[in-house]
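The lines below spell out each chain.
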Amino acid sequence: MRTVVITGGTDGIGKGLALHYLRQGARVVAVGSTPAKGESFLAEAASENATFLRADLTSIAATKELLATLHRTCTSLDTLILCAQRYRLFGPRTTTGEGFEHSFALAYLSRHILSHGLRDLMMPAPRPVVMNVGTPGVPLGRIHWDDLQLTRRYNGTKATLQSFRANDLLGVAFGELYGGEIRYIGYNPGVVSTGMPAHLPAPLRAAVQATFPLVATSVAKAVIPMTTLLEDPPAEAFSAYFTKRRLSLGSAAFDREKAMRLHHLTQHMVDAGAPVMPS
């Protein structure tokens with residue numbers, strides 16, 4: 001039986017993908033941070049093949065515990081889909097218990113740990129593939145090499161965009177390190193009608209919710225090209241897409257040297273369990 005693990009799997013696109021694969025007869029492990037959403041997902045799924053695992057993906061320790069649980073309960077893993085995100089575009093800088101800036105920890109660091117940490121489980125699968133859902137193809141944001149945790153001149157939009165650009169480089173580094181034994185896809189679904197506006201301040205939330213029906217794709221439609229791509233991934237080690245359009249990897253967003261630099265910095269932080277802070 002095919003096994004699919006989806007972070008952010010109890011809401012939005014992640015939930016849509018989880019329900020799709022359950023209908024296809026796969027075993028699906030949906031990872032989320034909110035028990036109520038997990039229970040709701042299991043009730044809607046109504047399948048013995050559905051599992052909910054609660055995990056705080058802002059924490060290195062908790063993400064490593066999740067890895068251990070998956071290694072205990074799965075003999076192999078066919079598909080890993082990384083969707084977990086919580087937008088903090090406004091408000092003060094927030095750090096995790098381990099000292100990481102929130103967006104860096106949840107939207108990037110957890111994906112690094114899971115991508116590399118589940119590789120051994122994916123190797124026995126006949127056609128293993130990782131999909132990292134973010135914003136490849138959007139020329140906004142950059143890596144703040146001198147201050148990855150944005151301790152100076154912080155704002156939420158800057159932090160969110162840095163995490164997306166870091167994920168572009170994560171895919172490049174993964175492909176470089178492992179040479180295509182697992183296909184890695186960076187994927188931008190475009191504007192999708194999810195619960196994202198709920199994380200915005202009240203005035204902006206109302207405006208975004210009003211425009212969503214006009215510009216956003218429904219989750220049901222958004223998952224179609226995603227699952228098509230997951231069923232038949234490109235032969236290359238790493239590829240990136242904006243919905244159905246394949247992106248060139250020649251831009252600075254996918255620079256190999258920067259990707260390996262970030263990989264080594266990140267692995268140092270994962271091993272230390274603490275961020276690299278500016279001097």
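Computed from a predicted model, the values in this text were never measured in an experiment. (Residues numbered from 1 in each chain as written. Predicted model: local features only at pLDDT ≥ 70, side-chain atom pairs only at ≥ 80, totals over all residues. Heavy atoms only, no water.)

Engineer: Requested: an account of the overall build of the protein, with residues and values cited.
Structural biologist: The secondary structure content of the protein amounts to nine helices and eight strands. On C-alpha atoms alone, the protein measures out to a radius of gyration of 18 Å, which is about the 19 Å that the 2.2 N^0.38 rule sets for 279 residues. Its C-alpha atoms give the protein principal-axis dimensions of about 50 × 45 × 35 Å. Across the 279 residues of the protein, 52% fall into the buried class. Contacts in the protein between residues at least 24 apart in sequence constitute 74% of all its contacts with a sequence separation of at least 6. Split by element, the accessible area of the protein, about 12,400 Å² in all, is 54% carbon and sulfur. For the protein, the distance from the average site of its 28 positive side-chain charges to the average site of its 21 negative ones is 6 Å. (Helix = DSSP H or I, 4+ residues; strand = E, 2+ residues; numbered from the N terminus. Rg over C-alpha atoms; globule rule 2.2 N^0.38 Å. Buried < 20%, exposed > 50% of the residue type's maximum accessible area, 1.4 Å probe, protein only. Contact = heavy atoms within 4.5 Å. Areas by Shrake-Rupley, 256 points an atom, 1.4 Å probe, with all protein chains shown as cover. Lys, Arg positive; Asp, Glu negative; His and termini not counted. Charge placed at Lys NZ, Arg CZ, Asp CG, Glu CD.)

Engineer: Tell me about the packing of aromatic side chains, and name the residues and values.
Structural biologist: Under the defined criterion, the tally for this structure stands at six aromatic pairs. Ring centres of Phe174 and Tyr184 lie 4.8 Å apart, and the angle between their planes is 45 degrees; this geometry places the pair in the tilted category. Of this pair, Phe174 sits in helix α6 (residues 156-178) while Tyr184 sits in strand β6 (residues 183-188), placing them ten residues apart in sequence. Accessibility expressed as a relative area gives 1% for Tyr184, which makes it buried. Ring plane angle 45 degrees and centroid distance 6.3 Å describe the contact between Tyr184 and Phe238, whose orientation is recorded as tilted. Of this pair, Tyr184 sits in strand β6 while Phe238 sits in strand β7 (residues 238-242), placing them 54 residues apart in sequence. As far as burial versus exposure is concerned, Tyr184 and Phe238 are alike and both buried. Taken together, the ring pairs connect Phe174, Tyr178, Tyr184, Phe238 and Phe254 into an aromatic cluster. Geometry around Trp145 places Arg261 over its ring, the cationic atom sitting 4.1 Å from the centre. (Phe/Tyr/Trp six-rings, centres within 6.5 Å; stacked < 30°, edge-to-face > 60°. Lys NZ or Arg CZ within 6 Å of the ring centre and 35° of its normal.)

Engineer: Pulling in residues and values, what's your account of the sheet that holds strand β1 (residues 3-7)?
Structural biologist: Spatial strand order, β3-β2-β1-β4-β5-β6-β7-β8: eight strands in an open sheet with mixed pairing. This sheet does not close on itself; its edge strands, each paired only once, are β3 (50-54) and β8 (245-246). Pairing analysis gives five bridges linking strand β2 (residues 27-32) to β3, with the strands arranged parallel. The residue of β3 that forms the bridge with Ala30 is Phe52. (Pairing = 2+ DSSP bridges.)

Engineer: Provide a residue-level description of helix α8 (residues 219-231), including the pertinent values.
Structural biologist: In this model, α8 (13 residues) spans 18 Å end to end at C-alpha, consistent with the 18 Å of a helix rising 1.5 Å per residue. Every buried residue belonging to α8 is among Val219, Ala222, Val223, Pro225, Met226, Thr227, Leu229 and Leu230, and all of these are buried. Residues of α8 that are buried in the fold lie against α1 (12-23), β4 (79-82), β5 (129-133), β6 and β7. (Expected span 1.5 Å × (residues − 1).)

Engineer: So, the pattern of salt bridges: which residues are in play, and what are the values?
Structural biologist: Two side chains of opposite charge can pair, provided their charged atoms sit close to one another. Under the definition given, this model contains nine salt bridges. Two residues, Arg127 and Asp232, come together in a salt bridge whose shortest N-O distance is 3.1 Å. You can see Arg127 sitting in the loop between α5 (119-122) and β5 and its partner Asp232 sitting in the loop between α8 and β7, a full 105 residues away along the chain. Its relative accessible area of 52% is what places Asp232 among the exposed residues. Residue Arg256 is joined to Glu176 by a salt bridge in which the shortest nitrogen-to-oxygen separation is 2.9 Å. Within this pair, whereas Arg256 is found in helix α9 (residues 256-272), its partner Glu176 is found in helix α6, the two being separated by 80 residues in sequence. (Salt bridge = Lys/Arg side-chain N within 4 Å of Asp/Glu carboxyl O.)

Engineer: Please set out the packing of α1 against α8 residue by residue, giving values where relevant.
Structural biologist: Packed helices, taken two at a time, are described by the angle their axes make and the gap between the axes. Where α1 contacts α8, the two axes come as close as 9 Å, and the packing angle between them is 60 degrees. The angle between α1 and α8 falls in the class oblique. As for how α1 packs across α8, the hand of that crossing is right-handed. Only Val219, Val223, Met226, Thr227, Leu230 and Glu231 of α8 make contact with α1, whose side of the interface consists of Gly12, Ile13, Gly16, Leu17, His20 and Tyr21. (Axes fitted to C-alpha atoms, helices over the stretch in contact; angles between N-to-C directions. Parallel < 35°, antiparallel > 145°, perpendicular 65-115°, else oblique. Left-handed = near helix turned anticlockwise from the far one by under 90°.)

Engineer: Now, about the packing of α6 against α9: what can you tell me, with residues and values included?
Structural biologist: One way to put it is that α6 packs onto α9 with a least axis distance of 8 Å and a crossing angle of 95 degrees. Our classification of the angle between α6 and α9 gives roughly perpendicular. Each of Ala166, Leu169, Val172, Ala173, Glu176 and Leu177 in α6 lies in contact with α9, whose residues at this interface are Arg256, Lys258, Ala259, Met260, Leu262 and His263. Here the contact of α6 with α9 is composed, by residue class, of eight nonpolar, one polar and three charged. (Nonpolar A, V, L, I, M, F, W, Y, C, P; charged D, E, K, R; others polar.)

Distances and angles like these do not, on their own, reveal function.
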